[in-house]
Amino acid sequence: MGTHQMPPIMAAPGLLGNETVCYSGTMITTNGIFVHEDPMGFSLPIFIFQLVLIVLTCRLFMLLLKPLNQPRILAELIAGIILGPSAMGRFKWVANVAFSKSTLALLETIANIGILYFVFIIGLEMDLSVIRKNGKKAFVFAISGIFLPFLIGCAFSFFLHHKTTMKEDTFLIFFSIFLSITALPVVSRILSEFRLLDMEIGKIVQSAALFNNTFGAAFVVFVISTAESQTIFSTTLWVIASSIIFVMFSIFVVRPGISWLARRSTPEDENFTNFTISIALGGVMIFGFISDSIGVHPSFGAFVFGLVFPNGPLAVTLIERLEDFITGFLLPLFFVSSGLKTNVSKIQGASTWFTLIMASILSSVAKVAGTVLVALSVKMPFREGVALGLLMNSKGLAELIGLNHGKDQKVIDDTAYAMMVITTIFMNAVITPLLMQIYRPARKFVPYKRRTIQKTKADAEMRILACIHTPRNAPTIISLLEASHPTKKTPISVFSLHLVELTGHGSATLIVHNSQKSDSTAINRMQAQSDQITNAFKTLEQHTNFVSVQSLTSISPYSTMHEEICNLAEDKRVAFIIVPFHKQPTVDGGMESANSKIQMLNQNVLVNAPCSIGILVDRGLSGSKSLTAGQVSHNIAVLFFGGPDDREALSYAMRMSEHPGNSLNVIRFFPGPNAVEPTMDQSHDLNDTGILTLQIGKEQDKQLDDDCIKEFRMMKATDESFSYIEKVVNSGEETVAVIRALDNIHDLFLVGRGEGIISPLTAGLTEWSECPELGVIGDLLASADFAAAVSVLVVQQYVGVGPNDDGIGTPDNASQQEEQCIMASVRQ
């Protein structure tokens, strides 16, 4: 065996100080332990070891902090501090081998590559049209969130700067900017976790954070440029001017070019070519290089590239391919590397710690106070103003990039660096728990009352959210909407929502389609379907008077798609949600399941819906191709068994009966003398208050049914197209016989879901039910055994959780939903 020659030695500035660190320029991989070479002395093995250790440590702290509702950035920063000189770094092996100074250069290089692609993803997920729409309001929020914290930072810097070796004016500006700036990527991650990205507050805070970040980045460039002895003030002006030119070039040249490339390179199978993906990924590096060349951190260029990147399937594909790898492996490297450079022992003295904590608290309170004042001035609810202020206090990526850049340029010393990292940890640790207590989207209260069709006034607009999975769902829903009798006094506002499954692991996306936009060639199957659905509803709007339509597309996994539907329904203040049944008719008259996940989605929407909901069983509602209001002709039947759901179904049917082309037949079922009431458990005390309350509730519910029927019969007393029939049955078997014996003239059945109602009219039918989301009668009408091929609308009425019906009911399961229905009946 030949003599092993030492590779040439190279020198580089140390990352933890001003010393020089020597490392090998060719020691990449080892020849193995059998030739007596230590793998920990070679760059690739040591990097792999560091990566595994970092990921495992981050996951451990994420697991520990999850019960405290802490964001991921907090776990990653703490993991870095534990592995750094503040804790584990005090051990000789960790400091000299595992995380030696010579290995941190490669670690930071890879970490910064991760940062480039992460901010690129953030830019991809942002919508420039939203920023333009909320620009003025967001700018005011950004300024209000900067001014007071900046003043507080200036005041406290006088007590802290003497603890560092920095210039007084440099520390003052840097510390003040640090307290004022908002971390846009961290805000985006929190909004995504809270599912607020598509809500109004999410759009405002993202736009405000973008302005805030721009302000902070400009000041950081200014401070670093003027603080270095080898630079002059004119350099800063050149950097800012070059950045503006760079942004303009990206908007007016690069964006159209990427749009052209996306249109030209998308095949019919929706899979982009490797060339297109390579151009997009390579563009991130190119923009980062240009940004670094003009004197700004490379992440600025990557973010600009993502921001000007056109929305569409290519952006979605890039997010799906990048997000897991970047957020799971590369992004933690940056935060951990920041923690590795943090030496907490540099912060000495209880007074210093007290001053830091006070500065953090006061600046946070000041930012919230300024934001709330602006929120109240624009008539935003106080609770949302506080939540927005808390989100604007998010710290993380942007600040750490500035800190690392300043430390690399020797503008910031170790003590100041540690102070600001600790401040980042403290402020982020407080934000999310407070936000969950103050503003929890799943429990927020929205001041609108018309959550049901029955409570919607006769002379008021009715808002309907129509959910569509494929263009095949559209004709019957459109036919139902045009038959709902929109008039000048009772217009209908329709929100058509195309539901698309997110098969990757990207963030859920809500796309708002521009109804005025001229038709363009679809570049993939999803867009082609969205265009087809949008055009169908646009035709409805053009040919049916007093109908307004807004088309949207929601891209999310089926497991959380119900949250997107419910959030949109509440945001748009709709009274009725229409969702398609998961089965579709076949040629031979049967029913086949299109997607079993849709059934789970419908069940989730039923439990969490903030308004009434209808499941539409599509069997080709006749007249679906008629777009002229006078041509609509439907024979509608309502099977009325009693209860809030049946009253809601009847309310909708009565609205439809006002249409001159529709006829309505209401069949009410009564229990006969031989009907057997459901038996109660004999173990219960007959004097039990729960049973007594339930009995009173039934009686009151029956009275409401009688009043509802009486009112509608009086309204239709002279209407020949309206008929009312009463049927007396003694069992569920007789009920089925009556339904089967109905005339075959009907093309639409309306029936209440009736979940939680125990009745002798349906006794014995429950055990045969295949689809519980339709209720007993709805399941019978939708089954293949039912001879008549008639479309069915199964209706569930929204029941509020408070006496004034001012909150959203979000029960955890169906039984809780039943309890709410019963209690609501008692209250009424």
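Note that the coordinates shown come from a computational prediction; the quantities given were computed from them, not determined experimentally.

Definitions and limits used
- Residues numbered from 1 in each chain as written.
- Predicted model: local features only at pLDDT ≥ 70, side-chain atom pairs only at ≥ 80, totals over all residues.
- Heavy atoms only, no water.
- Helix = DSSP H or I, 4+ residues; strand = E, 2+ residues; numbered from the N terminus.
- Buried < 20%, exposed > 50% of the residue type's maximum accessible area, 1.4 Å probe, protein only.
- Areas by Shrake-Rupley, 256 points an atom, 1.4 Å probe, with all protein chains shown as cover.
- Lys, Arg positive; Asp, Glu negative; His and termini not counted.
- Salt bridge = Lys/Arg side-chain N within 4 Å of Asp/Glu carboxyl O.
- Polar contact = N/O pair within 3.5 Å; in protein donor to acceptor, adjacent residues only side chain to side chain.
- Phe/Tyr/Trp six-rings, centres within 6.5 Å; stacked < 30°, edge-to-face > 60°.
- Lys NZ or Arg CZ within 6 Å of the ring centre and 35° of its normal.
- Pairing = 2+ DSSP bridges.
- Right-handed = clockwise from strand over helix to strand, strands pointing away.
- Axes fitted to C-alpha atoms, helices over the stretch in contact; angles between N-to-C directions.
- Contact = heavy atoms within 4.5 Å.
- Core = buried A, V, L, I, M, F, W, Y, C linked by side-chain atoms within 4.5 Å.
- Patch = residues over 30% accessible without salt bridge, like charges linked within 9 Å, V, L, I, M, F, W, Y side chains within 5 Å.

The subject of this paragraph is the overall build of the protein chain. A count of helices and strands for the protein chain gives 26 helices and 15 strands. Here the protein chain, with 828 residues, has 54% of them falling under the buried criterion. Surface summary for the protein chain: the accessible area is close to 37100 Å², and the carbon and sulfur share equals 60%.

Turning to the side chain of Glu648, a few remarks are in order. Its location among the elements puts Glu648 in helix 22 (residues 644-657). With no salt bridge to any partner, buried Glu648 finds its closest opposite charge in Arg647, at an N-O distance of 7.8 Å. In this structure the side chain of Glu648 is engaged in a polar contact, spanning 2.5 Å, whose partner is the backbone nitrogen of Ile453.

What follows concerns the packing of aromatic side chains. What the rule picks out here adds up to 14 aromatic pairs. Each ring, one from Phe139 and one from Phe211, has its centre 5.7 Å from the other, and the planes form 85°; the classification is edge-to-face. Here the residue Phe139 occupies a position in helix 6 (residues 135-160), and Phe211 occupies one in helix 9 (residues 200-227), the gap between them amounting to 72 residues. The interplanar angle of 75° and the centroid separation of 5.7 Å between the aromatic rings of Phe334 and Phe335 together place this pair among those described as edge-to-face. Look at Phe335 and you get buried, because its relative accessible area is 1%. Members of the aromatic cluster, connected to one another through ring pairs, are Phe120, Phe246, Phe287, Phe300, Phe305 and Phe309. The positively charged end of Lys407 is found above the aromatic ring belonging to Tyr417, 5.8 Å away from the centroid.

Turning our attention to the pairing of strand 3 (residues 462-468). Among the 7 residues in strand 3, 6 count as buried, and that is most of the element. As defined by bridge partners, strand 3 adjoins strand 4 (residues 492-501) across 7 bridges and the pair is classed as parallel. Looking at strand 4, one finds that Met462 is bridged to Ile492. Taken together, strand 3, helix 18 (residues 474-482) and strand 4 constitute a β-α-β crossover, and its handedness is right-handed. Taken together, the 3 bridges between strand 3 and strand 7 (residues 576-580) define a ladder with parallel strand orientation. When the bridges of strand 7 are listed, Ala466 appears paired with Ile578.

This next bit is on the sheet that holds strand 15 (residues 791-796). Judged by pairing direction, the sheet is mixed, and its 11 strands sit side by side in the order 5-6-4-3-7-10-15-14-11-12-13 without closing on themselves. At either margin of the open sheet sits one strand with a lone partner, and together these are strand 5 (509-512) and strand 13 (722-729). On average, each strand axis in the sheet is tilted by 20° relative to the strand beside it, whichever way the strands run. Running over the sheet, helix 25 (residues 775-782) touches strand 10 (612-617), strand 11 (634-640), strand 14 (748-752) and strand 15 and is turned about 160° from strand 14.

The next subject is the nonpolar core. Counting 114 residues, the largest nonpolar core has Phe175, Phe309 and Leu403 as the members making the most contacts within it. It is helix 13 (residues 313-340) that contributes the most residues to this core, 13 residues altogether. One finds Leu499, Ile598, Val729 and Val736 within the second-largest nonpolar core, a separate group that totals 48 residues.

Now for the environment of Ile425. Looking at where Ile425 falls in the secondary structure, it is placed in helix 17 (residues 414-438). In sequence terms Ile425 and Ala75 are 350 residues apart; their C-alpha atoms lie 9.2 Å from each other. Ignoring sequence-local partners within four residues, the contact set of Ile425 consists of Leu74, Leu77, Ile78 and Ile81.

Nonpolar side chains collect at one region of the surface, where Ile240, Ile244, Met248, Phe249, Ile251, Phe252 and Val253 lie side by side and expose about 640 Å² of accessible area between them. Mapped onto the elements, Phe252 comes out in helix 10 (residues 233-264).

Side chains that differ in sign of charge can pair as their charged atoms come close. The final tally for this structure, using the stated rule, is 11 salt bridges. Of the charged contacts, one joins Glu770 and Lys583 as a salt bridge, the two residues approaching to 3.8 Å between their closest N and O atoms. Note that Glu770 is positioned in the loop between strand 14 and helix 25 and Lys583 in strand 8 (residues 583-585), a separation of 187 residues in sequence. With its nearest N and O atoms 3.2 Å apart, the salt bridge here joins Lys716 to Glu658. Of this pair, Lys716 sits in the loop between helix 23 (689-715) and strand 13 while Glu658 is found in the loop between helix 22 and strand 12 (662-671), placing the two residues 58 residues apart along the sequence. Exposure remark for Lys716: the relative accessible area of 5% places this residue in the buried category. For Glu658, a relative accessible area of 39% gives the class partly exposed. Here the salt bridges share partners, and the residues they tie into one network are Glu658, Lys716 and Asp719.

This is a description of form; function is not addressed.
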